[in-house]
Amino acid sequence: MADSIQQQLQQLVLLSDSVGTSSGNAGTGEGGGSGGVSTVEEAMEQLGPLIHSVYRTNKQKLFRQQVDLFAQRKDAEIMKLCGSYHQEFVQSVAQLLKVRQNTSELQEKVVGLNAELQLSGKSLYEKNAELLSLRRENRNIQKAVDTVKGCVEVVRMVSNFDEQISTKQYYSAIKTLGSLKETYMPQVRKYAFGKLLETSIPKMETKLQSAALSDMKDWLYGLKKTTRDIGRNLTDRMKKKQLMWAERDSSVKERYFVSSAVQFVLDEEFDHDDPITIDMMPLYQCLHINEKLGRRAEFRRSFAEDRNDQLSLILTLSVNFVLANLAPFESMLHDIIGFFIVEHNILASAPDFRSKSDVDALWDTGIAKLSDIIARNLQVIRGDSEVSGVLQDHLTTFTYVMEENTYDVRKLRELMMAIFGS
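A. Layout of empty space enclosed by the protein. This model, assessed by the stated rule, comprises 1 cavity of 30 Å³ or more. Around the largest cavity sit Thr-235, Lys-239, Glu-330, Leu-333, His-334, Ile-337, His-394, Thr-397 and Phe-398, which together line it. Secondary structure elements with two or more residues in the lining of the largest cavity: α5 (192-251), α9 (327-349) and α12 (385-404). The element that contributes the greatest number of residues to the lining of the largest cavity is α9, accounting for 4 residues.

Below, the structure is given as structure tokens:
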């Protein structure tokens, strides 16, 4: 009977374990709850008959003894089981305590390292801020150095400009001025120095223009003697040609008229005289500078006025038509020849500066004034045949020279026809 009770209690314990297992699985499975309830009901169903049998056979005392014995056996099993894992549990707890201690130490180290890192980070931040500040200062210094270099270069170029003008290197001066305006002005315009330079540029242009114009006017003034020499030289050449024409005409038995234009063509192969050369560099130099400065039209008007004044000065000289005093008139003709030879050369070399209409208008003005001079002394000229003959020779030679240089001499011929009748 006791063995039977023990077996039934053992089954109940096993069934209880299965109930615990089923209850543990109930949280993870969808049907776990209903399975655990059914197992408990089964255990209760088995426990009920057992208790009923114990009370029916009046074995309560034996049942209690067996339950106590069963409980003692289970306690013994529990003690045995605990004894087996106690040492491992103690070791685990000891290790856990050690880990806890190490964790605390590690936490303290982390806190210390964090403090050091914060300190180092602050120092690094300060150093980085200082580095950025130094870099900005370095950029500013470099920018200032570059600006100063640019300004120094500008000052050097301004100094070179003044020196080039003083040494009459006008082509170099105009290049220097162009570099200042196009290359360096945009770089320094935003500075006070650049603004000062910008206001000085027009003055520098005027200074260059005035210097070149002064040299050109000195050249024009110096042409006064040169033009007279040119006129005298061309007059002498033409007189030789006239003698050659006379000899040619005298050798021809049948007299016929040959125009001066044909005579010029016939004389070309025998004309070995050196060409007249005139140094036009000051004029071309001044023209180039005024073109670069955008003042070409202004210079053209100024030059035209100067030439008109020079021609007026030539034709306002006092002339006495007396045989013993015709040299001044002949010199005037030489000056007129030289003057218009210069105009002819300018027209040929710079037609876009000095137009043919300008030169023709100047020539017409010169012939009109020359006619006025002769007209005022017409009575004296006609009253002295010797003066009339010499004057006719001078005017004839003058006409041939100007015709040879492509000037229109029809008015001159009309004037001579009116005075001399041939």
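B. The pattern of salt bridges, seen in detail. Tallied over the entire structure, the rule returns 20 salt bridges. Arg-189 serves as the salt-bridge partner of Glu-198, at 3.2 Å between the closest nitrogen and oxygen. For Lys-239, the salt bridge goes to Glu-330, with nearest N and O atoms at 3.5 Å. Remark: Glu-330 occurs in helix α9 and Lys-239 occurs in helix α5; sequence separation between them is 91 residues. With a relative accessible area of 21%, Glu-330 lands in the partly exposed category.

C. Structural detail: the packing of helix α4 (residues 170-188) against helix α7 (residues 281-292). Between α4 and α7, the least distance of the axes is 10 Å, while the angle of their chain directions is 5°. The pairing of α4 with α7 is recorded here as roughly parallel in orientation. Along its contact with α4, which presents Tyr-170, Tyr-171 and Ile-174, the element α7 presents Met-281, Tyr-284, Gln-285, His-288, Ile-289 and Lys-292. For the contact of α4 with α7, the residue count by class is 6 nonpolar, 2 polar and 1 charged.

D. Representation of the packing of helix α10 (residues 356-376) against α12. Here α10 crosses α12 at 175°, and the two axes come no closer than 15 Å. It follows that α10 is roughly antiparallel to α12 by the angle criterion. The residues of α12 that touch α10, namely those facing Trp-363, Ile-367, Leu-370 and Ile-374, are Leu-395, Phe-398 and Met-402. Its residues assigned to classes, the contact of α10 with α12 comprises 7 nonpolar, no polar and no charged.

E. How the structure looks around α12. The end-to-end C-alpha distance of α12, which contains 20 residues, comes to 28 Å, matching closely the 28 Å that a straight helix rising 1.5 Å per residue would cover. Taken residue by residue, α12 has Val-387, Ser-388, Leu-391, His-394, Leu-395, Thr-396, Thr-397, Phe-398, Thr-399, Tyr-400, Val-401 and Met-402 as its buried positions. Looking at where α12 begins, the residue whose side-chain oxygen comes 3.1 Å from the main-chain nitrogen of Glu-386 is Asp-384. Two residues or fewer after α12 comes Thr-406, characterised by a positive phi angle close to 70°.

F. Structural view of the environment of Met-402. Its place among the elements puts Met-402 in helix α12. The exposure class assigned to Met-402 is buried, which follows from its relative accessible area of 0%. Here the alpha-carbon distance between Met-402 and Phe-340, two residues 62 residues apart in the chain, equals 8.3 Å. Setting aside anything within four residues of it in sequence, one finds Met-402 in contact with Ile-337, Phe-340, Trp-363, Tyr-407 and Val-409.

G. Structural view of unusual backbone geometry. Even without being a glycine, Lys-168 presents a positive backbone phi close to 65°. Secondary-structure assignment places Lys-168 in the loop between α3 (60-166) and α4. Residue class for Lys-168 comes out partly exposed when judged on its relative accessible area of 48%. If you check the backbone angles, Thr-406 has positive phi at about 70° while not being a glycine. Position of Thr-406 among the secondary structure elements: in the loop between α12 and α13 (410-420). Taking relative accessible area as the criterion, Thr-406 reaches 58% and is therefore assigned exposed.

Scoring rules and cut-offs
Residues numbered from 1 in each chain as written. Predicted model: local features only at pLDDT ≥ 70, side-chain atom pairs only at ≥ 80, totals over all residues. Heavy atoms only, no water. 1 Å grid on protein atoms, 1.4 Å probe; cavity = no way out; pocket = protein on both sides within 12 Å on 5 of 7 lines; lining within 4 Å. Points joined across faces, edges and corners; volume = space filled by probe spheres on them. Helix = DSSP H or I, 4+ residues; strand = E, 2+ residues; numbered from the N terminus. Salt bridge = Lys/Arg side-chain N within 4 Å of Asp/Glu carboxyl O. Buried < 20%, exposed > 50% of the residue type's maximum accessible area, 1.4 Å probe, protein only. Axes fitted to C-alpha atoms, helices over the stretch in contact; angles between N-to-C directions. Parallel < 35°, antiparallel > 145°, perpendicular 65-115°, else oblique. Contact = heavy atoms within 4.5 Å. Nonpolar A, V, L, I, M, F, W, Y, C, P; charged D, E, K, R; others polar. Expected span 1.5 Å × (residues − 1). Polar contact = N/O pair within 3.5 Å; in protein donor to acceptor, adjacent residues only side chain to side chain.

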